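# Notes for the structure review
Residue strings, one per chain:
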Amino acid sequence: MSLVVTPLDPTVETGVDLPCRSFEADLWFADTPADLEVAKSLCGDCPLRVECLAGALERHEPWGVWGGEIFEHGAVVPRKRPRGRPRKEDLARDAVARAQVAARTDAVLREVARSSAA
């Protein structure tokens, strides 16, 4: 069963400027956490955000920003950590953020499954 409701075809005219087509593509695959947060924020109002995220989850995208979420090593992560050893308070904050990301991801999957069943 495919989770993708609408294929992301670059030849399809959506009538709106998609952020991933309006900005430099490297922003969605940046190495710095700050750049990835910018890419996430640009995805917020995208009309294809849900389909993009569902497709990335289905394809097990190895990295980048897809549907407003950061993928790292094939998993959705709340934020990309900077290099170095994390501080203890960062670890606690990340645990909460991981739970929130998991809830958002589950909600998207349920929405897509409900749409495809209809």
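Since the model is a prediction, treat every value here as computed from it, not as a measurement. (Residues numbered from 1 in each chain as written. Predicted model: local features only at pLDDT ≥ 70, side-chain atom pairs only at ≥ 80, totals over all residues. Heavy atoms only, no water.)

### Quick look at the overall build of the chain
Note the cut-off: The numbering of helices and of strands both runs from the N terminus, where a helix is a DSSP run of H or I of at least 4 residues and a strand a run of E of at least 2. Contacts are assigned to residue pairs that have any heavy atoms within 4.5 Å of one another. Only the protein chains shown count as cover for residues, and the accessible areas themselves come from Shrake-Rupley with a 1.4 Å probe.
Within the chain, the secondary structure is distributed over 4 helices and 3 strands. Walking the chain from its N terminus toward its C terminus, one meets helices and strands in the order α-α-α-β-β-β-α. Sequence-distant contacts in the chain: of pairs separated by 6 or more residues, those separated by 24 or more amount to 50%. Only carbon and sulfur atoms are counted for the fraction: they give 56% of the accessible area of the chain, which is about 7,700 Å².

### A short note on the UniProt feature "binding site: [4Fe-4S] cluster" (unreviewed entry) in the chain
Defined as follows: UniProt positions are given in the numbering used here, feature names are shortened, and annotations may be inferred rather than shown by experiment. Exposure categories follow from relative accessible area, calculated using a 1.4 Å probe and restricted to protein chains: below 20% of the type maximum is buried, above 50% is exposed, and the middle band is partly exposed.
Taking the numbering used here, the UniProt-annotated feature "binding site: [4Fe-4S] cluster" (unreviewed entry) corresponds to Cys20, Cys43, Cys46 and Cys52. The largest pairwise C-alpha distance within this set of annotated residues, which runs over 33 residues, is 10.7 Å, so the set is compact in three dimensions. By secondary structure assignment, the location of Cys20 is in helix H1 (residues 19-22). By the element assignment, Cys43 lies in helix H2 (residues 33-43). Residue Cys43 is classed as buried on the basis of its relative accessible area, which comes to 9%. The residues touching Cys43, leaving out its near neighbours within four places in the chain, are Pro19, Trp28, Arg49, Val65, Gly67 and Gly68.

### Describing the nonpolar core
To be explicit about the condition: In this text, buried Ala, Val, Leu, Ile, Met, Phe, Trp, Tyr and Cys residues form a nonpolar core when linked through side-chain atoms within 4.5 Å.
One finds Val50, Cys52, Leu53, Ala54, Ala56, Leu57, Trp66, Phe71, Val108 and Val112 forming the largest nonpolar core, which totals 10 residues. Within the residue set of this core, elements represented by two or more residues are helix H3 (49-59) and helix H4 (88-117). Not counting the four nearest positions on each side in its chain, Leu57 is found in contact with Phe71, Val76, Thr105 and Leu109. Counting 9 residues, the second-largest nonpolar core is a separate cluster that includes Leu36, Cys43, Val65 and Ile70.

### Observations regarding the confidence of the model for the chain
Selection rule: What pLDDT reports is the predictor's confidence in each residue, on a scale of 0 through 100.
Mean pLDDT over the chain stands at 79; residues scoring 70 or higher make up 82%. Mean pLDDT per element in the chain: H4 is the minimum at 79, and strand S1 (residues 63-66) is the maximum at 94. This stretch, residues 1-11, has a pLDDT under 50; its non-local contacts, to residues over four places away or in other chains, come to 17 contacts.

### As for the side chain of Thr105
Within the secondary structure, Thr105 sits in helix H4. Leave out the neighbours within four places in its chain, and Thr105 touches Leu57 and Val76.

### Structural notes on the state of the cysteines
The criterion, for reference: Only a pair of cysteine sulfur atoms within 2.5 Å counts as a disulfide in this structure description.
All told, the structure shown has 0 disulfides when counted by the stated rule. Free of any disulfide, Cys20 has its nearest neighbouring cysteine sulfur in Cys46, separated by 5.8 Å. Taking the relative accessible area as the measure of exposure, Cys20 reaches 43% and is therefore partly exposed. Looking at the unpaired Cys52, the closest cysteine sulfur is the one in Cys43, lying at 6.4 Å.

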